[in-house]
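# Remarks on the overall topology
The primary structure of each chain is shown beneath.
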Amino acid sequence: AAGGPDPARVVEGGGVSVTGWTGKIDAAEAANGQVLNNSKLSQEGNVLHVTTGPAATYWNPANKATGNYTVTATFTEPKYMDRNSHPHPYGILVAGNDLGTAQQSYVYCSAYGSGFFIVRGFGPSEDATKDTVWAMNGGRGTANDAVHKAAGPGEPVTQEIAVTVKADSVECAVNGTTVVSYPKTDLVTAGKLKSTDGVYGIRFSHNTNATVSGLTLVKQ
């Protein structure tokens, strides 16, 4: 969520500097006067580095997945809760369509360094100033032993996240364990996803600082 007790903090030298990539901040962040350049996506070798500011979604339009597939990446928070007063999530998005517009739709699975994960999505909105957000496992997510816990604030924590689309289901795995599976018909429906075919990318809550390595697509 944007604002609240932990408002987005502007990142100095922000913007998107990775070739081919773009992004979008949440409508609630924009309503608070935030812009995409108040968060930062950069690349160091083969590793993406994200520091937010406002909550942001990043993607490369060339990264598209169709049919049955798995998208995997490893997220490392070098200093847990480095930029925030409570845990904030980050993870993988798939099934992105019309990204960057009010009609965008996608689903994401994200992990917190507190041992929780969350599955949420964005659906088409009739008002460009407001996002249509839907949650699959509650507003604050679900605890699962597979999700790594940081030893404490300022300590490192790493999560490997994978989202798999099958013929009839969509699954999320964290650190090699499937933590949830949904019938595809629960996701591809009015107000949610247009299709499970689409762009894949990464999703970060506000005031986070983490690296992303090994972002890969494997066709099933």
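First things first, this report covers the structure right here in the doc. (Residues numbered from 1 in each chain as written. Predicted model: local features only at pLDDT ≥ 70, side-chain atom pairs only at ≥ 80, totals over all residues. Heavy atoms only, no water.)

Membership of the largest hydrophobic core comes to 46 residues, with the highest contact counts inside it found for Leu 41, Phe 75, Ile 92, Val 94, Val 119, Ile 202 and Phe 204. Residues in contact with Ile 92, not counting those within four places in the same chain, are Val 71, Thr 72, Ala 73, Phe 75, Val 107, Tyr 108, Cys 109, Ile 161, Ala 162, Val 163 and Gly 201. One finds Trp 59, Leu 99, Tyr 108 and Val 199 within the second-largest nonpolar core, a separate group that totals 7 residues. (Core = buried A, V, L, I, M, F, W, Y, C linked by side-chain atoms within 4.5 Å. Buried < 20%, exposed > 50% of the residue type's maximum accessible area, 1.4 Å probe, protein only. Contact = heavy atoms within 4.5 Å.)

On inspection of all chains with the given rule, the structure shows 3 salt bridges. The residue Arg 203 makes a salt bridge to Asp 26 at a minimum N-O spacing of 2.7 Å. Of this pair, Arg 203 sits in strand S15 (residues 198-204) while Asp 26 sits in the loop between strand S2 (22-25) and helix H1 (27-31); the two residues are 177 residues apart in sequence, bridging distant segments of the chain. Residue classification places Arg 203 among the buried residues on the basis of a relative accessible area of 6%. Two residues, Lys 166 and Glu 171, come together in a salt bridge whose shortest N-O distance is 3.2 Å. By relative accessible area, which is 37% here, Lys 166 ends up partly exposed. (Salt bridge = Lys/Arg side-chain N within 4 Å of Asp/Glu carboxyl O. Helix = DSSP H or I, 4+ residues; strand = E, 2+ residues; numbered from the N terminus.)

This part takes up the sheet that holds strand S16 (residues 208-219). Ordered by their spatial adjacency, 8 strands build an open sheet running S1-S3-S4-S16-S6-S12-S13-S14, and the pairing between neighbours is mixed. Looking at the sheet topology across the chains shown, the edges are occupied by strand S1 (15-16) and strand S14 (177-183). Two strands pair when backbone bridges link them, and strand S12 (residues 157-165) and strand S13 (residues 169-174) are joined in this way by 5 bridges, in the antiparallel orientation. Looking across to S13, one finds that Ala 162 is bridged to Ala 173. (Pairing = 2+ DSSP bridges.)

Inspection of every chain in the model, using the stated rule, returns 6 aromatic pairs. For the pair Phe 75 and Phe 204, a centre-to-centre distance of 6.0 Å together with 50° between the ring planes defines the contact as tilted. Taken together, the residues Phe 75 in strand S6 (residues 69-77) and Phe 204 in strand S15 connect sequence positions 129 residues apart. Using a relative accessible area of 0% as the deciding quantity, one classes Phe 75 as buried. Note on Tyr 108 and Phe 122: the rings are 6.5 Å apart at their centroids and 35° apart in plane angle, and the pair reads as tilted. One end of the pair, Tyr 108, is in strand S8 (residues 105-111); the other, Phe 122, is in strand S9 (residues 116-123), and 14 residues separate them in sequence. Residue Tyr 108 is classed as buried on the basis of its relative accessible area of 5%. (Phe/Tyr/Trp six-rings, centres within 6.5 Å; stacked < 30°, edge-to-face > 60°.)

The subject of this paragraph is the state of the cysteines. Tallied over the full model, the rule gives 1 disulfide. Between the sulfur atoms of Cys 109 and its disulfide partner Cys 172 the distance amounts to 2.0 Å. Negative torsions about the S-S bond denote left-handed disulfides, and the value of about -70° found for Cys 109 with Cys 172 makes this one left-handed. Remark: Cys 172 occurs in strand S13 and Cys 109 occurs in strand S8; sequence separation between them is 63 residues. One exposure class covers both Cys 109 and Cys 172, and it is buried. (Disulfide = S-S within 2.5 Å.)

Time to look at the side chain of Glu 171. As for its position among the elements, Glu 171 is in strand S13. Side chain to side chain, Glu 171 and Lys 166 meet in a polar contact 3.2 Å long. Residues within four places of Glu 171 in sequence aside, it is in contact with Ala 162, Val 163, Thr 164, Lys 166, Thr 178, Val 180 and Ser 181. (Polar contact = N/O pair within 3.5 Å; in protein donor to acceptor, adjacent residues only side chain to side chain.)

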